[in-house]
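Structural overview
Single-letter residue listing:
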Amino acid sequence: MLNKIKTRLKALPRIYWIYLATLLIAEIVAFATRPNTPGLYTQWQQILPLIATLPFFFFKNIRSFFKRVLFSFSIVSFLFLALDYNIGDIKGAGHAGLIQIILTSCPIGLFWISLFARWNFHHIKDKDSRIALLLSAFSWGLFAFAYPPMPLGPAALLLLTPWFIVLNKYSRGQALFATFWSGMLYNSINYYWIYNVMHVETAPSGLILFGLFLLIAFFSAYNTLAGFVYTLAKDSPAKLRPVLLALYPVFYAGLEMTRTYGDFAFPWSHLGYVFGNHLELLQMLSYIGIFGYTILVVGSNQAVAHLFCNAKNMKRALPILALPAVIFIALLIQGSITLSRAEAQPFHGADSEGNPTIALIQPSIQQGAKWSKERFDAIVKKTVGMVNDSVKDGADLIVLAETAIPDHIRRQPRVIDLLQETANEKNASILTGALDYRRNPPKSIRKFDIYNASFLFTPNTKAFPKRYIKKHLVPFSERIPFDEVFPILNYVDLGEGDFVAGKETPVYQPFSWTPYICYDAIFGDLVREAMREGSRLMVNITNDGWFGRSTAPYQHLNLIRYRVIENGMPMARLANSGVSAFVDQYGHFDGNTEIFTDRVIQRKMPLKTRDTLYSHIGDVVEKGLLLFFAFYLLTTLFAGFFRKKTT
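Residues numbered from 1 in each chain as written. Predicted model: local features only at pLDDT ≥ 70, side-chain atom pairs only at ≥ 80, totals over all residues. Heavy atoms only, no water.

A word on the overall build of the chain. Within the chain, the regular secondary structure consists of 21 helices and 14 strands. Here the chain has a C-alpha radius of gyration of 28 Å; the compact-globule value for 647 residues is 26 Å, and the two agree. C-alpha extents for the chain along the principal axes are approximately 90 × 75 × 35 Å. In the chain, buried positions account for 54% of the 647 residues. A separation of at least 24 residues holds for 73% of the contacts in the chain among residues at least 6 apart in sequence. Of the roughly 29800 Å² of accessible surface on the chain, 64% is carried by carbon and sulfur atoms. (Helix = DSSP H or I, 4+ residues; strand = E, 2+ residues; numbered from the N terminus. Rg over C-alpha atoms; globule rule 2.2 N^0.38 Å. Buried < 20%, exposed > 50% of the residue type's maximum accessible area, 1.4 Å probe, protein only. Contact = heavy atoms within 4.5 Å. Areas by Shrake-Rupley, 256 points an atom, 1.4 Å probe, with all protein chains shown as cover.)

Remark on secondary structure: sheet strands pair via backbone hydrogen bonds, oriented parallel or antiparallel. Ordered in space as β9-β10-β11-β12-β13, the five strands form an open sheet in which the pairing is mixed. Each of the sheet's edge strands pairs with one partner strand only, and the pair in question is β9 (513-517) and β13 (589-590). With five bridges connecting them, β9 and strand β10 (residues 537-542) associate as parallel partners. In the strand pairing of β10, Thr-514 is matched with Met-538. Each of β10, β11 (571-575), β12 (581-583) and β13 is contacted by helix α20 (residues 552-567), which is oriented at about 165 degrees to β11, the strand it contacts most. (Pairing = 2+ DSSP bridges. Axes fitted to C-alpha atoms, helices over the stretch in contact; angles between N-to-C directions.)

Judged by side-chain polarity, Ile-25, Val-29, Trp-44, Ile-47, Leu-48 and Ile-51 come together as a nonpolar surface patch covering roughly 560 Å² of accessible area. Broken down by secondary-structure element, the contributors of at least two residues to the nonpolar patch are α2 (14-32) and α3 (48-53). As for its position among the elements, Ile-47 is in the loop between β1 (39-41) and α3. The class of Ile-47 is partly exposed, set by a relative accessible area of 30%. (Patch = residues over 30% accessible without salt bridge, like charges linked within 9 Å, V, L, I, M, F, W, Y side chains within 5 Å. Salt bridge = Lys/Arg side-chain N within 4 Å of Asp/Glu carboxyl O.)

Here strand β6 (residues 429-439) lies mainly inside the structure; eight of its eleven residues are buried. Looking at chain direction, strand β4 (residues 397-399) and β6 are connected through three bridges and run parallel. Bridge pairing in β6 links Leu-397 to Ser-429. For strand β5 (residues 405-408) and β6, the ladder comprises two bridges, and the chain directions are parallel. Of the residues in β6, the one forming a bridge with His-408 is Leu-435. With respect to chirality, the unit in which β5 leads through helix α18 (residues 413-426) into the neighbouring parallel β6 is right-handed. (Right-handed = clockwise from strand over helix to strand, strands pointing away.)

Time to look at the pattern of salt bridges. Evaluated as defined, the whole model comprises 16 salt bridges. Between Lys-382 and Asp-598 there is a salt bridge, and its shortest N-O distance comes to 3.1 Å. Within this pair, whereas Lys-382 is found in helix α17 (residues 376-390), its partner Asp-598 is found in the loop between β13 and β14 (599-604), the two being separated by 216 residues in sequence. A salt bridge links Glu-529 to Lys-471; its shortest N-O distance comes to 3.4 Å. Here the residue Glu-529 occupies a position in helix α19 (residues 524-532), and Lys-471 occupies one in the loop between β8 (466-469) and β9, the gap between them amounting to 58 residues. Glu-529 gets classed as partly exposed once you look at its relative accessible area, which sits at 25%. The network of salt bridges with shared partners includes Arg-528, Arg-532, Asp-619 and Glu-622.

Function cannot be read off these values alone, since they describe shape.
In structure tokens form, the structure reads like this:
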């Protein structure tokens, strides 16, 4: 190995070593003259490495080593960028030159984009690649219409079969080309509604549109990784291949788990979410959870595709062909039996003594006007007016939406007094969403910590209302990911909310209930955490107004329904513009509102009386899936490398 490295280094021309020395000198000069400025700074000396590089391309020997020069430039630039960030007098904050960041990332980025374009152009000219793309696009395009409120849910057990046929029958390059672009189609249909953010957010519309494209491409990379790993598994050594293929659906569930943890968490469209229109089909969630449903979907499609690609005797293969129908019928029977029980009837036991009466106030405030200072008083007046006019006597809890008070609540003492007076008059607690802040010490990177929070006003109480801070913040909308790991990101302003996440999961008395804000309620680990603390009811406040008139509010409600059934945990859900609803522990809906309508819905809610298997094993299962994902990925990569070495 060392001899090979020495031989390759000796093969480099002298002009390359002269270039490398010149580049290092230019970087040292730029580094030595950098300012002592926290955060991102602009310094034109940092263009010196580029100026030093350009003349060398007039030498033929350098042009023939273009890739090596490009990678050398990017590596050296990155090393000095890292030094700049970590060394100096800017303690705890770090700093970096904006020009250096651009020079480090753009040349290598443009190079990879050019290679990607050439790769795509090659496959577009190839007939088999085009056929593979048509099959995959048909498969993933239809699958996107399986999620509620769209009608194709049960068909998901077959819809991915053409994609698996592509993975089995076509070359790896053709399959990955087809998978990436069909993934772009699938994710565009799934997430088109993010386009509506352009009309309500503070960031430039062009930046949001570009961000949406990157988001869709990022999620399509997940599809591509899934396809790539499958091709490795099917081409693995004969003794290992059956095991890897049999375990592939579990790997896919593990891949989805990677979208559930971390600062980039966005667990919106797992494959198992397609059955939400059919309550009977969802009851197995209490045993196997959402990832068990993903395994069923992937396994069903994979088995049918394998049959079409490999079966020599179709009559003997009929049991496999019947697998989707068997899964569907099994889910239907199990769900029907479960829902036929007396305790599983809609909102069973809701009228029992001790259960709370909850009122949900949906004012449908237009998102574009929500943060207008001129309309603040009118928004508060409308929301509180709906409480006074429409909430019936006997309510125990009145729920207002996420950021129903569109300001930092501590800056509005008269609104605090108004809500407390309303709670006293109604003799009911009031939960409302609002912003909050904490001033930090003078030398902190952040002058303030800003929170997306909820506040609980208890009748006849003089203390400041109890506060819950949203724990899962939407990436790039509410915070820049990894801003705690890389503090310099706190200086980046892309129009995001720049919030700080909460840490606590409260359980409020009486009734032992837990508040969730928007995104929080779709994370099963947060639901199970509250249950361990003794919670028996979820109250979810959200503002889906920025989704616009789209499928997204219904998709969001579907995710909530899955969490309810998995854990046997009832939920009262209020959305500023809809869909608001009450959901019992078996997933029955009541009071569902239309989107963008003013409504007040009120009913007595049953508390949790149901114990589910998944609520006990969910944490272990989900962490196990993450470990299995890593193990499976490494195994297939090693198997592919070993096969390449032996052929």
